[in-house]
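Each chain, letter by letter, is given below.
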Amino acid sequence: MSSSASTQQVPFNDLQRQYRAQQAQIEAAVQRVLRSGWYILGPELAAFEQEWAAYCGARHCVGVGNGTEALHLALRALDLPPGAEVITVANAGGYGAIAIRQAGLTPRFADVDEATHNLSPPALEAAITPRTRAILVVHLYGRPAPIEELLAVAERHGLPLIEDCAQAHGARVAGRMTGTFGRLGCFSFYPTKNLGALGDAGAIITDDDRLAAKLRRLRAYGWERKYYSLDPGGINSRLDEVQAAVLRAKLPQLERWNALRRERAAWYRRLLADVPGITLPDDLPGHVFHLFVIQVHGGQRDAVRQVLAARGIGSEVHYPMPTHLQPAFDELGYEAGELPVSERLAETVLSLPCFPELSYAEVETVCRALKEAIAALAA
Ligand SMILES: *Cc1c(COP(=O)(O)O)cnc(C)c1O
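What you see is a predicted model, and the numbers here were worked out from it, not measured in a lab.

Draft legend 1. Structural view of the packing of aromatic side chains. Applying the stated criterion across every chain yields a total of 13 aromatic pairs. When the centroid spacing of 5.2 Å and the interplanar angle of 25 degrees are considered together, the rings of Trp52 and Tyr55 count as stacked. With Trp52 and Tyr55 both in helix α4 (residues 43–56), this residue pair falls 3 residues apart, about one helical turn. Accessibility classification places Trp52 together with Tyr55 in one group, the buried group.

Draft legend 2. Highlighting the packing of α4 against helix α10 (residues 241–250). Their axes nearest at 8 Å, the elements α4 and α10 cross at an angle of 40 degrees. Our classification of the angle between α4 and α10 gives oblique. Once α4 is placed against α10, the crossing between them reads as left-handed. Residues Pro43, Glu44, Leu45, Ala47, Phe48 and Glu51 of α4 touch α10, and the partners they reach there are Glu241, Ala244, Ala245, Leu247 and Arg248. Looking at the contact of α4 with α10 residue by residue, the classes come out as 7 nonpolar, no polar and 4 charged.

Draft legend 3. Inspection of the domain arrangement of the protein chain at higher detail. Per the domain assignment, the segments of the protein chain are domain 1 (17–252) and domain 2 (253–378). Look at where the C-alpha atoms of domain 1 and domain 2 centre, and you get two points 25 Å apart. Contacts between domain 1 and domain 2 engage 43 residues on the former and 40 residues on the latter. Between domain 1 and domain 2, a total of about 3600 Å² is buried, with carbon and sulfur atoms accounting for 52% of that surface.

Draft legend 4. Focus on the sheet that holds strand β13 (residues 292–296). If you walk across this open sheet you meet the 3 strands as β12-β13-β14, and the pairing is antiparallel. One side of each edge strand has no neighbouring strand; the edge strands of this open sheet are β12 (278–279) and β14 (349–352). The pairing of β13 with β14 spans 4 bridges and is classified as antiparallel. Within β14, the residue paired with Gln295 across the bridge is Val349.

Draft legend 5. Focus on the environment of Leu325. Of note, Leu325 is situated in the loop between α12 (301–310) and α13 (340–348). Given a relative accessible area of 28%, Leu325 falls into the partly exposed group. Spatially, the C-alpha atoms of Leu325 and Ala336 are 6.8 Å apart, while their sequence positions differ by 11 residues. When sequence neighbours within four positions are dropped, the list of residues in contact with Leu325 reads Glu335, Ala336 and Glu343.

Draft legend 6. Geometry of unusual backbone geometry. A cis amide bond, omega 15 degrees, links His318 with the succeeding residue Tyr319. One non-glycine residue, His117, adopts positive backbone phi at about 65 degrees. Of note, His117 is situated in the loop between β3 (106–110) and α7 (121–127). Of the residues examined, His117 reaches a relative accessible area of 8% and is grouped as buried. One non-glycine residue, Phe289, lies in positive phi territory at about 45 degrees. Note that Phe289 resides in the loop between β12 and β13. Here Phe289 falls in the buried class, since its relative accessible area comes to 0%.

Draft legend 7. Spotlight on the pairing of β13. Judged by how many residues are buried, β13 sits mostly within the fold: 5 of 5 residues are covered. With burial as the criterion, each face of β13 is covered, one bearing Phe292, Ile294 and Val296 and the other bearing Val293 and Gln295. Bridging between β12 and β13 involves 2 bridges; their strand directions are antiparallel. Within β13, the residue paired with Thr279 across the bridge is Gln295.

Draft legend 8. The nonpolar core, seen in detail. In terms of nonpolar packing, the biggest core is built from 31 residues, with Leu119, Leu124, Ile128, Ile135, Val137, Leu150 and Leu161 touching the most fellow members. Every element with two or more residues in this core is listed here: β2 (85–89), β4 (132–138), α8 (147–156) and α13. For this core, the element with the highest residue contribution is α8, accounting for 5 residues. Each of domain 1 (17–252) and domain 2 (253–378) gives at least three residues to this core. In this structure, Leu119 is in contact with Val89, Ala110, Asp111, Val112, Leu124, Val137, Pro146 and Leu150, ignoring residues within four places of it in sequence. By size, the runner-up hydrophobic cluster in this structure holds 26 residues, among which are Phe48, Cys165, Ile205 and Ala244.

Draft legend 9. Quick look at the pattern of salt bridges. Enumeration according to the criterion identifies 22 salt bridges in this entry. A salt bridge links Glu263 to Arg264; the nearest nitrogen and oxygen atoms lie 2.9 Å apart. Linked through salt bridges whose partners overlap, the residues forming this network are Arg32, Glu44, Glu51 and Arg248.

Draft legend 10. Highlighting the environment of Ala244. With respect to the helices, strands and loops of the structure, Ala244 is situated in helix α10. Considering only alpha carbons, one finds Ala244 and Cys354, 110 residues apart in sequence, at a separation of 25 Å. Non-local contacts of Ala244, meaning those with residues more than four positions away in its chain, are made with Glu44, Leu45, Phe48 and Leu239.

Calculation notes
- Residues numbered from 1 in each chain as written.
- Predicted model: local features only at pLDDT ≥ 70, side-chain atom pairs only at ≥ 80, totals over all residues.
- Heavy atoms only, no water.
- Phe/Tyr/Trp six-rings, centres within 6.5 Å; stacked < 30°, edge-to-face > 60°.
- Helix = DSSP H or I, 4+ residues; strand = E, 2+ residues; numbered from the N terminus.
- Buried < 20%, exposed > 50% of the residue type's maximum accessible area, 1.4 Å probe, protein only.
- Axes fitted to C-alpha atoms, helices over the stretch in contact; angles between N-to-C directions.
- Parallel < 35°, antiparallel > 145°, perpendicular 65-115°, else oblique.
- Left-handed = near helix turned anticlockwise from the far one by under 90°.
- Contact = heavy atoms within 4.5 Å.
- Nonpolar A, V, L, I, M, F, W, Y, C, P; charged D, E, K, R; others polar.
- Domains from an automatic or database assignment.
- Buried area = accessible area lost by both parts, 1.4 Å probe.
- Pairing = 2+ DSSP bridges.
- Core = buried A, V, L, I, M, F, W, Y, C linked by side-chain atoms within 4.5 Å.
- Salt bridge = Lys/Arg side-chain N within 4 Å of Asp/Glu carboxyl O.

Next up, the structure:
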């Protein structure tokens, strides 16, 4: 990776650029913690939890170790019976299914909408059975899912809904933040996310006082107070003081960074508007473009990727194999063909470089190479 990265014309992502632009603030934050002598469950986390809750418009925020554990603990907090079924999608990297299983529950998959890549309300409705006990919605690529309609379906069936906002920091629906619609909203602050720590970190937001208190126990051994275990299923999953301080230093930039991501997406949409054989993502208001994902049709996706790579342009596939067909989930008994849209998208999706520090010239370079690749492959 590192040898090709040095020859790369346009990297898929470049976290150094963001670090350099924020170096003084980030290093001051880290130094503050180093010198404080308090490294776990201290004032930085308490402050970040308040600031993140306020930013999202939620009553509570509970910091945890990473995004997958945010999902895991959110599910645990609902106290579902062992083995209960949770409906989620199969095109989002499998984190939700891992968390569902980690919580002692059973993932069931519903198909997604071809245009939005997100769970569609009719698909959700059709997937609900008497065994369904919860719904886990992903706002994939930073594009808000149709959460109001999905919530209406969930409520009609009396099911709690959890939102996976790991790719959707600051994404809004009708002015309201994703993560505040369901019972619980889960975030990852993995370094590449729209708000990223310098290591692993995650959080859960909720308006429910009881769930927030329970999550605070579950993330620290199930303790009600020091050395007194109350909740079964408690684990150790904490957002440490260094990461909390880094996130506090970066949070004031998040809205600006998201605006820059949207601007880069608009450049791509304009420069690629007339290219045949591809589908561009829509420009839904509130979309924060964690990823800019096009579809390449005609079975040419991997060939296009190779041409881009040969020209030093980074790209990725999110995600190449749907979760229901992964060997790790064999036990669920799914077969190819059961989720046709998710399976088709795994063959066509292609993520192009899209991050706040990407220049217009770089976007032009990507677009030129992509057009030439598609023209050459069609010839
Ligand atoms: C990154 C991500 C996660 C997992 O977050 P980690 O912090 O890496 O555990 C969960 N869901 C989605 C959609 C993600 O993109």
